Each structure stands twice: as structure tokens, then as C-alpha cells.
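# Architecture at a glance
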Amino acid sequence: MGQQENEHDTDCSIVLSEVYLYLDLECSEDRRLLIQKHLDECSGCLREFGIEHEVKALVGRCCGDERAPVELRERLRSKLGQLEVQTETREYLP
């Protein structure tokens, strides 16, 4: 008997490393179909996917409506603006 990874077209570790991209619909259609096919064939990955799906749903229920305070958002915007200016400035230095 071969290892579990060798029984599928796609390596289990790759599928599990991309499970959040799959859950968030942030992967290409081809990649999504490949992962779905693997999950349909691999009970171990399907079980792990189910756990990750539940964790994501729980976090969404507990934190989904929370927003950062206005002061924090403004400070972050300011810092990001400063970083952008610094990056642009450095590009023109010899």
C-alpha cells in the first residue's frame, strides 16, 4: 500500500494548505475543482476540511459584525500612507 498522498492526483498537504483559499473562494476555478475532486475522494482531507469549515463559521458568527474603532482605522490609514510615501521616495534614490 502506498502513502495516502500517492493515492490521489493532488498531494494532501497541498490541498490542506489551500483550504482557506478554497473556503473564501479566493482560488481559480481550476484550482477549486481540483480541490473539490480531492475532497470527494479523500476522507482524511474531507474530515480536516470540515473542521476548518466549522472554525471559519464559528469565527464568522462571533466576530463577523465587529468593526475596528474609527480611531484605529484612521491611525492605520495614516501609517499605510506614510509607508507608501517612504516606498515611493526610496525608488528614486541613487
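About the cut-offs
Residues numbered from 1 in each chain as written. Predicted model: local features only at pLDDT ≥ 70, side-chain atom pairs only at ≥ 80, totals over all residues. Heavy atoms only, no water. Helix = DSSP H or I, 4+ residues; strand = E, 2+ residues; numbered from the N terminus. Buried < 20%, exposed > 50% of the residue type's maximum accessible area, 1.4 Å probe, protein only. Contact = heavy atoms within 4.5 Å. Areas by Shrake-Rupley, 256 points an atom, 1.4 Å probe, with all protein chains shown as cover. pLDDT = per-residue confidence, 0-100. Salt bridge = Lys/Arg side-chain N within 4 Å of Asp/Glu carboxyl O.

## Some details on the overall build of the chain
Of regular secondary structure, the chain possesses 5 helices and 0 strands. The order of α-helices and β-strands along the chain, N terminus first, is α-α-α-α-α. Looking at the chain residue by residue over its 94 residues, the buried ones come to 17%. Long-range pairs, those at least 24 residues apart, make up 59% of the contacts in the chain between residues at least 6 apart in sequence. Looking at the chain as shown, the accessible area adds up to about 7700 Å², and 54% of this sits on carbon and sulfur atoms.

## Regarding the confidence of the model for the chain
Across the chain, the average pLDDT comes to 76, with 74% of residues at or above 70. The lowest-confidence element of the chain is helix α5 (residues 70-91), averaging 71 in pLDDT; the highest-confidence one is helix α3 (residues 29-41), averaging 89. Considering only residues more than four positions removed or in separate chains, one finds that residues 1-6, a stretch of pLDDT under 50, has 8 contacts.

## Topic: the pattern of salt bridges
Counted by the stated rule, this structure contains 4 salt bridges. For the salt bridge of E18 with R31, the shortest nitrogen-to-oxygen distance reads 2.8 Å. In this pair, E18 is assigned in the loop between α1 (12-17) and α2 (19-23) and R31 in helix α3, connecting sequence segments 13 residues apart. One salt bridge in this structure joins R77 and E74, with 2.8 Å as the shortest N-O distance. Placement of both R77 and E74 in helix α5 is noted, with a separation of 3 residues, approximately one turn of the helix.

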